[in-house]
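Residues per chain, in single letters:
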Amino acid sequence: MTDGRLLPNWLEAYLVYTAESRSPEEYHLWTGISCIAAVLRRQVWFDMAYFLLYPNLYVILVGPAGRCKKSTAMRIGKGIFRDIPGVDFTADSTTRERLIQDLATSYKDGQSPLTAHSSEFASLLASSQMDMVVFLTDIYDCPMEWSHKTKTGGTQKIKAPYLNLLGATTPDWIARAMPLDTIGIGLTSRIIFVYQDTPRIKDAFPVLSPEQKQLHEMLKHDLTHMATLNHQMTFSPEAKKFYEDWDRGQLMNPNTTNDPRLNGYFERKPMHLIKIAMILVAATRDTSVMELEDLHNALALLSRIEPSMVKVFANVGKNPLNVDIEEIFTTLLVSKEGVSLGELLDRFKHSVRKEELIEVLDTLVTIGKVKAVAGRYMAVR
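On a predicted model such as this, the values are computed, not experimentally measured, just so you know.

Each value, and the rule that gives it
- Residues numbered from 1 in each chain as written.
- Predicted model: local features only at pLDDT ≥ 70, side-chain atom pairs only at ≥ 80, totals over all residues.
- Heavy atoms only, no water.
- Helix = DSSP H or I, 4+ residues; strand = E, 2+ residues; numbered from the N terminus.
- Buried < 20%, exposed > 50% of the residue type's maximum accessible area, 1.4 Å probe, protein only.
- Contact = heavy atoms within 4.5 Å.
- Pairing = 2+ DSSP bridges.
- Core = buried A, V, L, I, M, F, W, Y, C linked by side-chain atoms within 4.5 Å.
- Phe/Tyr/Trp six-rings, centres within 6.5 Å; stacked < 30°, edge-to-face > 60°.
- Axes fitted to C-alpha atoms, helices over the stretch in contact; angles between N-to-C directions.
- Parallel < 35°, antiparallel > 145°, perpendicular 65-115°, else oblique.
- Left-handed = near helix turned anticlockwise from the far one by under 90°.
- Nonpolar A, V, L, I, M, F, W, Y, C, P; charged D, E, K, R; others polar.

### Looking at the environment of arginine 190
So, point 1. Within the secondary structure, arginine 190 sits in helix H8 (residues 186–190).
So, point 2. With a relative accessible area of 9%, arginine 190 lands in the buried category.
So, point 3. Along the backbone, arginine 190 and glutamate 267 are 77 residues apart, and their C-alpha atoms lie at a distance of 9.8 Å.
So, point 4. Beyond its immediate stretch of four places on either side in the chain, arginine 190 contacts Tyr58, Thr137, Tyr140, Asp141, Arg268 and His272.

### So, the sheet that holds strand S4 (residues 89–90)
So, point 1. Spatial ordering of the open sheet is given by S4-S5-S8-S3-S9, a layout of five strands whose pairing is parallel. Among the strands making up the open sheet, the edge pair consists of S4 and strand S9 (191–195).
So, point 2. The pairing of strand S5 (residues 112–118) with strand S8 (residues 161–169) spans seven bridges and is classified as parallel. The residue bridging threonine 115 from the neighbouring strand is asparagine 164, located in S8.

### Re the nonpolar core
So, point 1. Membership of the largest hydrophobic core comes to 101 residues, with the highest contact counts inside it found for Trp10, Trp30, Ile36 and Leu223.
So, point 2. The dominant element in this core, judged by the number of residues it contributes, is helix H11 (residues 263–284), at 13 residues.
So, point 3. Ignoring anything within four residues of it in the chain, the contact list for isoleucine 36 reads Trp10, Leu11, Leu223, Met226, Ile279, Ala282 and Ala283.
So, point 4. Core analysis: the next-biggest nonpolar cluster, separate from the first, contains 16 residues, Ile325, Phe329, Phe348 and Leu357 among them.

### Looking at the pairing of S9
So, point 1. The buried fraction of S9 is high, at five of five residues.
So, point 2. Of the two faces of S9, the one carrying Ile191, Phe193 and Tyr195 and the one carrying Ile192 and Val194 are both buried.
So, point 3. Relative to S9, strand S3 (residues 58–62) runs parallel, the two being bridged by five bridges. Each bridged residue has a counterpart across the sheet, and for tyrosine 58 the counterpart in S9 is isoleucine 191.

### A word on the packing of aromatic side chains
So, point 1. This model, assessed by the stated rule, comprises eight aromatic pairs.
So, point 2. Seen in terms of ring centroids, tryptophan 10 and tyrosine 14 are 5.2 Å apart; in terms of plane orientation they differ by 10°. Their pairing is stacked. In this pair, tryptophan 10 and tyrosine 14 are both assigned in helix H1 (residues 10–17), four residues apart and thus about one turn of the helix distant. In terms of burial, tryptophan 10 and tyrosine 14 fall into one category: buried.

### Concerning the pairing of strand S1 (residues 44–47)
So, point 1. Alternating residues of S1 divide into Val44 and Phe46, all buried, and Trp45 and Asp47, none buried.
So, point 2. Here S1 runs beside strand S2 (residues 52–53); their pairing, made up of two bridges, is antiparallel. Bridge pairing in S2 places aspartate 47 opposite leucine 52.
So, point 3. A loop of four residues connects S1 with S2, the two strands running antiparallel in sequence, and alanine 49 in this loop sits at a positive phi of about 70°.

### Looking at the packing of H1 against helix H3 (residues 70–81)
So, point 1. Between H1 and H3, the least distance of the axes is 12 Å, while the angle of their chain directions is 125°. Comparing the axis directions of H1 and H3 gives the class oblique. Where H1 crosses over H3, the two elements pack in a sense that is right-handed. Residues Trp10, Tyr14 and Tyr17 of H1 form the contact with H3, whose participating residues are Ala73, Ile76, Gly77 and Ile80.
So, point 2. Split by residue class, the contact of H1 with H3 holds six nonpolar, one polar and no charged.

The values are spatial; any link to function lies outside them.
What follows is the structure, given as structure tokens:
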């Protein structure tokens, strides 16, 4: 390879390296994208006239608890780029004050870059609640300086912050712990949620081939090389024309899912698209020009995960039984013979009372998702 690289496409090589993991490929792909975002820092940017757009991302892996090995996918990624020069980490579980301190002390070479890996995104937000939500929202846009007056009258300052975040959580936690009025705006509009609910069928004890073992060092080598990139990104004429036309159409009909809780994400999608295109360029070459193919590929990556984003917020709403409705319906969906009221009550006795269970079943029957046959409830297929 030229330009000091060993691999023609870092992300494709990363997927080969992680192929024996049970975590879904989509988790590994977006973990890899987050790895590149971490090493690029403020050294790669796109000029939006009124501000500079940097490739930092907030990526949250979402899935049922313990099923799809979210933290496993994150650990593999961290193992690749943990020792890359210039890349600093914050603690897995931290407070807002500690995160501010870590960012402030990470300042070097004109910037304060930091990567937050939070395998329990819930604990990251729960530590400081809405104060953390507001801070993460503010710092996402990488201002030239961020300052905050403390309760003691002092001022905390961060020079040229760059926060890149990779986390994991469950839909249940989002439904139970995130305030309804924060969904779709502010922080959640800045997050790329990657939802998966089915692990890959792989051996219990993975065995890496000699080629995969060799890839580990090659991936680290090329990621170290990417950390040396330092340039402004621009569009080729064809890419610029495509983006302008696409963006105009996006303004007319941004939310293709028709779920209002995703309005904020789709309004920010043009910025997400440029960020990911910058990362895809860095994954393959040292050039500062984004080509039409890069935009097409970035758009395809986002379009692939957007339909499942709806499931991230499926349980969010004012109905306190939303989570139970989804869990009980999932139970009925996997049962071919149906489940009796008594069996359901025994299974869910820790989360719903009998009258609440009856209300849930009545709701599912009324909306046509469940039918009652001979005293047993079963999903309508």
